[in-house]
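Residue strings, one per chain:
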Amino acid sequence: MTERPVTTTDAGQPAPSDEHSQSVGPNGPLLLQDHYLIQKMAHFNRERVPERVVHAKGGGAYGVLEITEDVSQYTKAKLFQPGARTESLVRFSTVAGENGSADTARDPRGFAMKFYTEDGNYDIVGNNTPIFFIRDPQKFSDFIHSQKRRADNHLHDHNMQWDFWTLSPESAHQVSFLMTDRGTPASWRHMHGFGSHTFLWYNAAGDKFWVKYHFKTDQGIRNLTAAEAKAAEAADPDLHTRDLFEAIRRGEHPSWTVNVQIMPFEDAADYRFNPFDLTKVWPHSDYPEITIGRWTLNRNPENYFAEIEQASFEPSNFVPGIGPSPDKMLQGRLFSYPDAHRYRIGPNYLQLPVNRPKNEVHSYNFDGPMTFQNPADPVYAPNSAGGPAADPTLWSGEQYGVAGEIVRSAYQLHREDDDFSQPRALWEKVLSEVDREHMVANITGHASAPEVTEEMKRRVVQYWRNVHKDLGDGVALGLGVDGG
Ligand code: NDP
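Please read all numbers here as calculations on a predicted model, not as lab measurements. (Residues numbered from 1 in each chain as written. Predicted model: local features only at pLDDT ≥ 70, side-chain atom pairs only at ≥ 80, totals over all residues. Heavy atoms only, no water.)

Observations regarding the packing of aromatic side chains
The tally for this structure, following the rule as stated, stands at 35 aromatic pairs. Aromatic rings pair up to connect Phe132, Phe133, Phe140, Phe143, Trp162, Phe164, Trp165, Tyr463 and Trp464 into one cluster. Positioned above the aromatic ring of Tyr62, the side-chain terminus of Arg299 is 4.1 Å from the ring centre. The ring centre of Tyr411 lies 4.5 Å from the NZ or CZ of Lys328, which sits over that ring. (Phe/Tyr/Trp six-rings, centres within 6.5 Å; stacked < 30°, edge-to-face > 60°. Lys NZ or Arg CZ within 6 Å of the ring centre and 35° of its normal.)

As structure tokens, this is what we get:
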């Protein structure tokens, strides 16, 4: 028989009992001096950190990024140099549902990746779609509120969702993706990932490029129909979490081909679409995808809470060779993600093993709750005691000029910018006949919820007629409204 270890308190003292509280006689009241009981009850009350306001439900795994091609002419980032292998972590998630909600809900999927590079963490915090519902972070909390529960009855409300979408025509491209069967992927293994935003790359000579990331699933795209997703919701709300974990445990390591689109820096100002608008893709005919490597998931976490619930992804984690673009949504997220982690986990979230970079940290930040990695003296810079010193040359290449008046304004339109031509291209050029039928049925099903008013249904029809007449007509037929 293997010898069992003795239970201890969290302070390591042998625990007095696994079952009995200390009491006055067998039937008597309990004693405040039973510090072990009090520690157990008090710690239990504190088991949860606040769940993420968005992307609360998810799962993840570890993997490796391998670069097979040479893109050193575009970026000097070490993780993208030929032959580089970089350990990484991913967290997949739904967006709107609470922790515990069904994996198969109609929703975009978060596709957040952390790469533990020798220059510190690099995070690509993307989705399974290349675009988003809005293009200005001013609207983000409003958008999310429209997808969450109502203030009065605590119920989800499709009328509220369509109200926001139809008043925000820039949402049409992303809502189009959402309403195809790609809005209900069969598993996380069978969907693409996109960095979505445009990012800056610069090479060793300081030449600059704009880049978009595409992680194309090697398992092939597989989706659920609306009926299959509903059935899965009832049968196994944790379907995607289970699928990924079981696949990796079986030794079936899912992989993605890593592609990029590269735009020369100077093209951006005069490109036919605003290349920084998060509601737009860069058409492949203008900027074809280039394969740069493969990303494979090969290891499950050992502890969900420690490694996935506390995993903290931040689009602001750049390494030399990569920087932000002026995409307004990205600019907003550069603040909001690390801010969320400071609130959820605490200001020293980067000291946790899952978030800690693999290279040594020589920061002058110190103290705060739960610190265990403080810098040695001196704790200030500049100093004359041989403390760490920044090397600005590592970041040379990231600088570029901008000018303009301070305004509150929409993006300046490029020649072909509008809200509907790209979703129209999706409908006309990309979707199959079956895809279109399902899209109409999915929209009709969603907008047929009992709370959706007749007036809202007419707005829904008009919204889709702006994308394509056939689509709007199909939705009008499905909803039984004329749409005017
Ligand atoms: P292309 O024909 O070159 O590319 C179409 C893209 O759509 C491919 O990446 C294809 O790759 C993807 N696709 C295929 N079926 C679907 C589907 N059911 N739902 C979503 N995406 C699908 O044309 P363009 O580059 O000119 O783009 C045309 C439209 O395609 C865009 O307006 C956009 O709506 C959509 N699209 C474009 C992307 C881009 O980065 N240019 C990326 C994804 C979609 P795959 O089947 O492997 O996903």
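What to know about the environment of Arg182
With respect to the helices and strands, the residue Arg182 is situated in the loop between helix 4 (172-179) and strand 5 (193-194). Along the chain, Arg182 and Pro108 lie 74 residues apart, while their C-alpha atoms are 8.5 Å from each other. Discounting residues that sit within four places of it in the chain, Arg182 has contacts with Asn128, Phe177, His192, Ile221 and Asn223. (Helix = DSSP H or I, 4+ residues; strand = E, 2+ residues; numbered from the N terminus. Contact = heavy atoms within 4.5 Å.)

Describing the site of the ligand
The environment of the ligand is made up of 19 residues, and the closest members are His173, Arg182, His192, His284 and Gln422. Here an oxygen atom of the ligand sits 2.7 Å away from a polar atom, N or O, in the main chain of His284. Here an oxygen atom of the ligand and a backbone polar atom of Gln422 are 2.9 Å apart. In isolation the ligand has 780 Å² of accessible area, and contact with the protein removes 79% of it. Residue assignment for the shell around the ligand shows that the elements contributing at least two residues are helix 4, strand 7 (208-217) and helix 9 (421-430). Looking at the shell around the ligand element by element, the count peaks at 5 residues for helix 9. (Near = heavy atom within 4 Å. Polar contact = N/O pair within 3.5 Å; in protein donor to acceptor, adjacent residues only side chain to side chain. Areas by Shrake-Rupley, 256 points an atom, 1.4 Å probe, with all protein chains shown as cover.)

A closer look at the pairing of strand 3 (residues 109-117)
Taken across its 9 residues, strand 3 has 9 buried, putting it largely inside the fold. Along strand 3, one buried face is formed by Arg109, Phe111, Met113, Phe115 and Thr117 and the opposite face, lined by Gly110, Ala112, Lys114 and Tyr116, is buried too. As paired elements, strand 2 (residues 85-94) and strand 3 share 7 bridges and run antiparallel to each other. The residue bridging Ser88 from the neighbouring strand is Phe115, located in strand 3. (Buried < 20%, exposed > 50% of the residue type's maximum accessible area, 1.4 Å probe, protein only. Pairing = 2+ DSSP bridges.)

A closer look at helix 9
Along helix 9, the residues classified as buried are Gln422, Pro423, Leu426 and Trp427. One face of helix 9 carries all of its buried residues, which in axial projection span an arc of 150°. (Arc of directions from axis to C-beta.)

What about unusual backbone geometry?
Following Asp377, the chain continues to Pro378 via a peptide bond in cis, the omega torsion being 0°. Inspection of the secondary structure assignment puts Pro378 in the loop between helix 8 (328-344) and helix 9. The residue after Ala381, namely Pro382, is reached through a cis peptide bond having omega 0°. Turning to its location among the elements, Pro382 is positioned in the loop between helix 8 and helix 9. Phi angles above zero are rare outside glycine, and Ser196 is one such case at about 65°. Mapped onto the fold, Ser196 is located in the loop between strand 5 and strand 6 (199-202). Judged by relative accessible area, which is 9%, Ser196 ranks as buried. Positive phi values are uncommon outside glycine, yet Asp367 reaches one of about 65°. According to the relative accessible area criterion, Asp367 is partly exposed, its value standing at 41%.

What about the domain arrangement of the chain?
The domain boundaries assigned to the chain delineate domain 1 (22-413) and domain 2 (420-484). Placing the centre of domain 1 and that of domain 2 at their C-alpha centroids yields a distance of 31 Å. Taken residue by residue, the interface counts 29 residues in domain 1 and 22 residues in domain 2. With both sides pooled, the region where domain 1 packs onto domain 2 buries about 2100 Å², and carbon together with sulfur makes up 64% of that total. Area buried by domain 1 at its contact with domain 2 is led by Asn159, Trp162 and Met179, which between them contribute 30% of it. Joining domain 1 to domain 2, the criterion identifies 1 salt bridge. Among the salt bridges present, the one from Arg459 reaches Asp163, with a minimum N-O distance of 2.6 Å. Those elements that place two or more of their residues in the side of domain 1 that touches domain 2 are helix 3 (158-167) and helix 4. A total of 8 residues in the side of domain 1 that touches domain 2 trace back to one element, the largest contributor, which is helix 3. Of the residues that constitute the side of domain 1 that touches domain 2, the class distribution is 12 nonpolar, 12 polar and 5 charged. (Domains from an automatic or database assignment. Buried area = accessible area lost by both parts, 1.4 Å probe. Salt bridge = Lys/Arg side-chain N within 4 Å of Asp/Glu carboxyl O. Nonpolar A, V, L, I, M, F, W, Y, C, P; charged D, E, K, R; others polar.)

Some details on helix 6 (residues 239-250)
The end-to-end C-alpha distance of helix 6, which contains 12 residues, comes to 16 Å, matching closely the 16 Å that a straight helix rising 1.5 Å per residue would cover. The complete set of buried residues in helix 6 reads His240, Asp243, Leu244, Ala247 and Ile248. Along helix 6, the residues classed as buried sweep out an arc of 115° about the axis, all on the same side. Looking at helix 6, the residues exposed on the side facing more than 90 degrees away from the buried face are Arg249 and Arg250. Elements that come into contact with the buried residues of helix 6 comprise strand 1 (58-67), strand 2, strand 3 and strand 9 (290-299). Positive phi shows up at Gly251, right after helix 6, with a value of about 90°. (Expected span 1.5 Å × (residues − 1).)

Concerning the packing of helix 4 against helix 11 (residues 454-467)
Running from N to C, helix 4 and helix 11 point in directions that differ by 100°, and their axes come no closer than 11 Å. With respect to their mutual orientation, helix 4 and helix 11 come out roughly perpendicular. Counted together, Ala172, Val175, Ser176 and Met179 of helix 4 and Tyr463, Trp464 and Val467 of helix 11 form the full contact between these two elements. Split into classes, the residues belonging to the contact of helix 4 with helix 11 amount to 6 nonpolar, 1 polar and no charged. (Axes fitted to C-alpha atoms, helices over the stretch in contact; angles between N-to-C directions. Parallel < 35°, antiparallel > 145°, perpendicular 65-115°, else oblique.)

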